[in-house]
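# Close look at the chain arrangement
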Amino acid sequence: MSNTKITDEEALAFHLEPSPGKFEIRATVPMTTQRDLSLAYSPGVAVPCEAIAENPELAYDYTNKGNLVAVVTNGTAVLGLGNLGALGSKPVMEGKSVLFKRFADVNSIDIELDTEDPDAFCNAVKLMAPTFGGINLEDIKAPECFIIEQRLKEELDIPVFHDDQHGTAVICAAGLINALHISEKKIEDVRIVLNGAGAAGIACLELLKSMGARQENCIMCDTKGVIYQGRTEGMNQWKSAHAVKTDLRTLEEAMKGADVFLGVSVRGAVTSAMVESMAENPVIFAMANPHPEITPEEARQVRADAIVATGRSDYPNQVNNVLGFPYLFRGALDIHARAINDEMKIACAHALAELAREDVPDEVALAYGKNLSFGRDYIIPTPFDPRLIHRIPPAVAKAGMDTGAARRPIIDMDAYELNLKSRMDPTASILRGMNARARAAQSRMIFAEGDDPRVLRAAVMYQRSGMGKALVVGRKEDVREKLEAAGLGDAARELEVVNAANTHHLSTYKQFLYDRLNRKGFDAQDIHRLAARDRHVFSALMLAHGHGDGLVTGATRKSAHVLERIGHVFDADAQHGAVGITAVLYKGRIVLIGDTLVHEWPDAEDLATIAQRGADVARHMGLEPRAAFVSFSTFGYPVSERAEKMHKAPDVLEARGVDFEFEGEMTVDVAMNAKAQAAYPFSRLTGPANILIVPARHSASISVKLMQEMAGATVIGPILTGVDKPIQICSTVSTANDILNMAVLAACDLG
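Let us look at the structure shown here. Predicted, not measured: the structure shown is a model, and the values here were computed from it. (Residues numbered from 1 in each chain as written. Predicted model: local features only at pLDDT ≥ 70, side-chain atom pairs only at ≥ 80, totals over all residues. Heavy atoms only, no water.)

### Some words on the pairing of strand β1 (residues 68-73)
- Of all six residues that make up β1, six are buried, and the element is covered over most of its length.
- In the sheet, β1 pairs with strand β2 (residues 107-112) via six bridges, with the strands oriented parallel. Of the residues in β2, the one forming a bridge with A70 is I109.
- Bridge count for β1 against strand β3 (residues 134-137) is four bridges, and the pairing is parallel. (Buried < 20%, exposed > 50% of the residue type's maximum accessible area, 1.4 Å probe, protein only. Helix = DSSP H or I, 4+ residues; strand = E, 2+ residues; numbered from the N terminus. Pairing = 2+ DSSP bridges.)

### Re unusual backbone geometry
- The omega torsion of the bond from G594 to D595 falls at 0°, within 30 degrees of zero and hence cis.
- Assignment of secondary structure puts D595 in the loop between β16 (589-594) and α27 (604-620).
- Between Y637 and the following residue, P638, the backbone shows a cis peptide bond with an omega angle of -5°.
- The phi dihedral of D105 is positive, around 55°, even though this residue is not glycine.
- Examined against the element boundaries, D105 turns out to sit in the loop between α6 (90-104) and β2.
- The exposure class assigned to D105 is buried, which follows from its relative accessible area of 16%.

### What to know about the pairing of strand β14 (residues 550-553)
- Alternating residues of β14 divide into G550 and V552 and L551 and T553, and every residue in both groups is buried.
- With three bridges joining them, strand β11 (residues 445-447) and β14 adopt parallel strand pairing. Residue pairing across strands places M445 opposite G550, the latter belonging to β14.

### A few points about the side chain of H568
- Residue position: H568 is located in the loop between α26 (559-567) and β15 (579-586).
- We classify H568 as buried; its relative accessible area is 10%.

### Considerations on the sheet that holds β3
- Across the sheet, which stays open at both edges, the four strands sit in the order β2-β1-β3-β4 with parallel pairing between neighbours. Strands at the two margins of the open sheet, each flanked by one partner only, are β2 and β4 (160-162). Within the sheet, the average angular offset between the axes of one strand and its neighbour, ignoring direction, is 25°.
- Bridge analysis of β3 against β4 gives three bridges, and the strand direction is parallel. Counterpart to L137 in the pairing with β4 is H162.
- Across the sheet, helix α7 (residues 118-128) lies against β1, β2 and β3, angled at about 165° from β1, the strand it touches most.
- Sheet contacts for helix α8 (residues 144-155): β3 and β4; angle to β4, the most-contacted strand, approximately 165°. (Axes fitted to C-alpha atoms, helices over the stretch in contact; angles between N-to-C directions. Contact = heavy atoms within 4.5 Å.)

### Structural notes on a nonpolar patch on the surface
- On the surface, a cluster of nonpolar side chains totalling about 250 Å² of accessible area is made up of V29, M31 and L37.
- Mapped onto the elements, V29 comes out in the loop between α1 (8-16) and α2 (34-40).
- Exposure remark for V29: the relative accessible area of 48% places this residue in the partly exposed category. (Patch = residues over 30% accessible without salt bridge, like charges linked within 9 Å, V, L, I, M, F, W, Y side chains within 5 Å. Areas by Shrake-Rupley, 256 points an atom, 1.4 Å probe, with all protein chains shown as cover. Salt bridge = Lys/Arg side-chain N within 4 Å of Asp/Glu carboxyl O.)

### Examining the packing of aromatic side chains
- For the coordinates displayed, the defined rule picks out 11 aromatic pairs.
- An angle of 85° between the planes, with centres 5.9 Å apart, marks the rings of F161 and F329 as edge-to-face. Separated by 168 residues along the polypeptide, F161 in strand β4 and F329 in helix α15 (residues 325-334) bring together distant segments of the chain. Side by side, F161 and F329 carry an identical accessibility label, which is buried.
- Note on Y680 and F682: the rings are 6.1 Å apart at their centroids and 80° apart in plane angle, and the pair reads as edge-to-face.
- Residue classification places Y680 among the partly exposed residues on the basis of a relative accessible area of 25%.
- Among the residues examined, F682 registers a relative accessible area of 54% and is labelled exposed.
- Just above the ring of F325 sits the side chain of K96; from NZ or CZ to the centre is 3.8 Å.
- Above the ring of Y228, the side-chain terminus of R249 is found at 3.6 Å from the ring centroid. (Phe/Tyr/Trp six-rings, centres within 6.5 Å; stacked < 30°, edge-to-face > 60°. Lys NZ or Arg CZ within 6 Å of the ring centre and 35° of its normal.)

Now the structure itself:
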């Protein structure tokens, strides 16, 4: 995965829109009627309150405690930014909270404490601890982080975990297990050198020692050199615990003959000469961020046998904490753990290591744009491996149960794994896969409306995200001014601006258009106006002649107008099989609805074609298509001539011999609810439908917009299919991110 260029303006806009911050809190129970309110609050709430007061363990049953983690900091060591204070750290802590939710479905609240006094910090956390099932400490400077964590572990009966220490340690341990496996060495025999005696470094060494590394084989270094017995300068109780009896005094001396180097220090701390002096098959974990102690290129230049990991996503073997903390807490919360102990951390490391040695799923290879297999460049799973959620938490939970940390052990582990699989949002992997395909395609994307700031921001994001080349249709000076107004003035040099005045192909475009339209009432003057002055037509002509690979338009004009203009260049109408399919994403489900763009009042044959186009889009997205022809009736009742075509359309599909599931006519609840489907055992659907074919364009539009406005569903589309070239038409209310998504769809060529 390559690093994406992100501007300050983009980062600020991301945190500002659609609402300030990165998450919100929603009720999980109905709150509409007086009865609902009476149950949620007074008098109904008194019943669980009294039950919990009598038996505190029931808080896990009647409140959200069992799936709620506090991300707590004082902002004294924020990422690589230093002491930003409590409020300055809040965006990072919100980010941590959304990572908990995204990767392990753990609810999380960020809490920023405005104190650097360890006693005050601990007292505050202790007082609020009954609210939570776990405490994740974050971005607290050493040595206070050691004091705070140790005290809270002693005083609280829920997991307390400082991710900066133990998260790094767990992923480091997982990688080292596999690196030693490849190099055929044992942890109890290898010589380990650690540079960086801060929180993460000390935690790494402590965990490795608990896994079998010998004290005398582990050399810890800091800015003063080797930490040896008898040293007094720059020492504290945590460093002293790792002091060894040795004559070595410098990192350079310690590296000679070492099997393993672990770096959590600074850029350039390790030289090529140091690497060259290491033992056969050296393991080098240069984890300083954003710049490692030595780059993989530099290390391998002198030692081709080296196994190298870093903290960066643009190199193989990324030591990424997101592989650990979400799943550690998931497993700990699910057994109502009293703590996250060493055995649970070690179980997490071994489970991660085992996962990396297995075959990699196709969707992971797709997301990373390359095939991955266990070896020197793949010793740690990738963060987007879908197996993490159902492989790591069970290992953690089992270790917690075996060591007595569980309040409520899991009885049926197979059922638990199935439950974990169902918790994750499948739409995330679908969207990630499409982004990876777009990045691999490297399409030249034509953005037709270069006078709109949203379109320009989308074009900049498309190009800077490594998707391909953005071609903006507009006037160069106008584009430059609008980019500057949007805070993206530097992008004016990056984007290629195209228009009728600066192309050498206008005469070719006009002749092509004249040949298509001269028998449809268009004369030469009409053709000139269309080709030279209408950006939608001009952009479509660019695409038709191979001067771009995809087209995104529609942000400034109604879709019907845009489709008409595109129809001058392409056969983008119902007669030629064009269809608009809209994807609706909500609560982990994705449903395709058609036709939302082309067919005003489709007949049974048209409906069958729409279903086929929908199935094509579904498969492009990685879904197994199940289409339902929906109406207000189910299998002929109640009788209505309005539903007749929905009743006939499945027969048309059956006659065409399609290779996907379909059924109808049926109401939406029957189509999408497995329990409702059970009443119709003859149905051809084996599960909830993910493609809904509706009777007319107006009903399709109403359905989509109702979900968008009332439920807050994410809407992608309409996706134009059945046209010779990849063309996507945005809505006029699209944000820059919506337009970017449409560009991604065009690059994937879902049509």
